[in-house]
Structure formats: structure tokens, C-alpha cells
Amino acid sequence: MRKTSNSALSAMSERKKTAGTGAINEDEPLELASNIELTQSLTAFREWRRRAVDKAGAVKVGLVPTMGALHAGHMSLIEQAKKDCDIVVVSIFVNPLQFGPNEDYTRYPRTLSTDMKMLSDAGVHCVFNPSVEELYGQGAGTDATTVVVPPRFLIERLCGEFRPGHFEGVATVVCKLCNVVRPDYAYFGEKDYQQLQVVQRLVSDLNLNLEIRPVPIVREHDGLALSSRNAYLSKEERAKAPLIYQTLLQVKKHIFAENVPVEQALAEGRKRLGAEGFEVQYLQACDAETLAFLDTRKIPMVILTAAKLGAVRLIDNIIIRD
Ligand code: AMP
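What counts as what
- Residues numbered from 1 in each chain as written.
- Predicted model: local features only at pLDDT ≥ 70, side-chain atom pairs only at ≥ 80, totals over all residues.
- Heavy atoms only, no water.
- Near = heavy atom within 4 Å.
- Polar contact = N/O pair within 3.5 Å; in protein donor to acceptor, adjacent residues only side chain to side chain.
- Areas by Shrake-Rupley, 256 points an atom, 1.4 Å probe, with all protein chains shown as cover.
- Helix = DSSP H or I, 4+ residues; strand = E, 2+ residues; numbered from the N terminus.
- Nonpolar A, V, L, I, M, F, W, Y, C, P; charged D, E, K, R; others polar.
- Expected span 1.5 Å × (residues − 1).
- Buried < 20%, exposed > 50% of the residue type's maximum accessible area, 1.4 Å probe, protein only.
- Arc of directions from axis to C-beta.
- Contact = heavy atoms within 4.5 Å.

**Quick word on the site of the ligand**
As a matter of local geometry, the ligand sits amid 17 residues, with His-74, Gly-189, Asp-192, Val-218 and Leu-226 nearest to it. At 2.9 Å from an oxygen atom of the ligand is found a side-chain nitrogen or oxygen belonging to His-74. Between the ligand and the protein, one listed contact pairs an oxygen atom with a backbone N or O atom of Gly-189 at 2.9 Å. For the ligand, the protein covers 93% of the area, taking 480 Å² as the surface of the free molecule. Secondary structure elements with two or more residues in the shell around the ligand: strand 2 (61-66), helix 3 (72-84) and strand 5 (185-189). Examining the composition of the shell around the ligand, we find that 3 residues originate from one element, helix 3, more than from any other. Within the shell around the ligand, the residues separate by chemical class into 9 nonpolar, 6 polar and 2 charged.

Here is the structure:
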């Protein structure tokens, strides 16, 4: 059913020759452990899907959308998808539409060779890795493309306040990827909690024929949530970064174990991070579904934060379910 790794390898070297956006910055030779298909055009993916899925009959297809630079957080989404589905597709696409003009689009880590090795070892069946031109034509980053706009109440607060246009970019690319891949299940990490709410609403509001499956946050031993952007942290910043999770835990304890008023607990959390050199964009307690700000104790609650450490913007959250 699947092609040999040779097709993936030759497609990769072809892409290396043609990449126009600096999309690939590795060139070590690569040994892939198992059959895995690398598709870089809509036609190639659709052809693979027709052969691998449609002809096989009633199989469940899982999609794990990523921007690459894979780590154990991504791999836990893939592990879950492997449990639920017969066929697992991982997309690797750094989506220009979700980056602001002063954000890290061009320097976002691109590590396709290493990613392919990890995905091959994990038994992923197909990687969809289109170029920007392939997915958007000439429309990306301009107002010449159709954009999906999620409900305002979900996108204007929290990360949306600091990253205008970000969730429109996310909703648009998720819609496109789901239209191409046509999965039964799509996997998203709770690490990007607001994004998860946005894609849940996207699927229900646009009647997309798939189910979103959330996956818990994977953390380093010291509590720092895994993120591709952690690679940007200096040694000193990396040493400080776990304070984000410690602060979230402290706010939770204040609110739920010590009866501290919500606003006071949040204010103390912001102060603690600020005193350690973080530039806190927000630290808020929200309704876990609507993301409405809460000033009293309520379950389920999610406590979310975004804070910059030097030039690196980190996000994290904890969900209080019972
Ligand atoms: P990204 O490549 O950053 O767009 O992430 C792709 C997917 O992996 C998103 O659904 C993220 O929420 C998820 N993800 C990233 N980091 C983690 C983590 N530490 N734990 C769980 N999921 C994660």
C-alpha cells in the first residue's frame, strides 16, 4: 500500500533544490526506518490518499498538523493518532498567514530531515509538506486569499490581542489542510489552548466532517512546556523559563486551595514573573470553553499565560477540571 522510503528521499532532495522560502536548512544524508511517503503537492497527496485510503475501504485517517521542528510534544499527538487510526498523516507547514510582520516566520526552525526520521521511526504513513505557493497560490500574506474568520469573542483576547490576525491564519490553514487530507480525526495540543478552542469552533461552525481530539501538554522534567521555540532560549533564559509553570501552579493553589480572590492571585502571579524579568503579556483565568475572563472560582477553568523572556515568547496554561 505504501511506497518505499526512496520516494520520500528523492522528493526531499528535489525540494531542497527548489525551496524558495528557506524552508529547509539541513542537508545531512538520511536513513528512514520504515516506509513513509513524503508528499509536497496537492496532486501527490491526493493520489497517495486515493491509493492508500480510498481503495482500502473503511479506514480511519488521523491528521496531526504541525509546523515541524518536532519534539516529544508533537510525538504524543502522533502516538494518540496511531492508537485511534489506521492511517496517520502529519502535515509540516510553516504557515505565513499566522505570523505577524514582526514575528519569527523567516527564522522559525525548519528541520525536515530530522523530522522525517522521527516520523518514520514513529510509523507515520504520510507526511504532507507543501510549499507556500502550493497551498496558497500567490495569495499568502496578502489580501488576495479567502480567509476564515473565527468568532470575535474567541480571537480578540489573550494571544489574539497581541497577535492580530494570528487565529484567522490558523483557522484558514487548518481548514485548507482538513479539506486536502480529509481526516476522521485531527489532533491538537492543549499547549495552544486558545488555538484548540478556535479549531473546535471551526469544525462545528463550518460543519467539517471530522472530530478534533485534544492531547495534554508534554513538559520537560522541570515543568517547562515543550515548544519548538524553546530552542531560541539562551542558557540563562532556559534556566528561568520553568517559572512560568510554577507560577501557574501557584495561582491555581491560591485560588482553589487557599481561597485567594481570583484577581489577587493573578496579580501576584504577574508580579512574580515580572520581578524575574519576564514581560507578561497576559495571565488570566478563563472559562475553559468560551475563554471569558473569570473573576470568581468556577470549574472548568483554564489559567493561561503568555510571557516574553528576552525575544522569546512563551505560552502555557493549566486546566482545572474538577
Ligand atoms: P506547532 O508545530 O507548534 O504548530 O504544534 C503542532 C501541534 O503540536 C499543536 O497542536 C500544538 O498544540 C502541539 N504541541 C506543541 N507543543 C506541545 C506540547 N508541549 N505538548 C502537547 N502538544 C504540543
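**A short note on helix 12 (residues 262-275)**
Taking 1.5 Å as the rise per residue, helix 12 with 14 residues should run 20 Å; its terminal C-alpha atoms sit 20 Å apart, in good agreement. Among the residues of helix 12, Val-262, Ala-265, Leu-266, Gly-269 and Leu-273 are the ones counted as buried. Down the axis of helix 12, the sector holding all buried residues measures 95°, keeping them to one side. Every exposed residue of helix 12 that faces more than 90 degrees away from the buried side is listed here: Lys-271 and Ala-275. Looking at the buried residues of helix 12, the elements they touch are helix 11 (243-256), strand 7 (279-287) and strand 8 (301-309). Of the residues trailing helix 12, Gly-277 is marked for its positive phi of about 95°.

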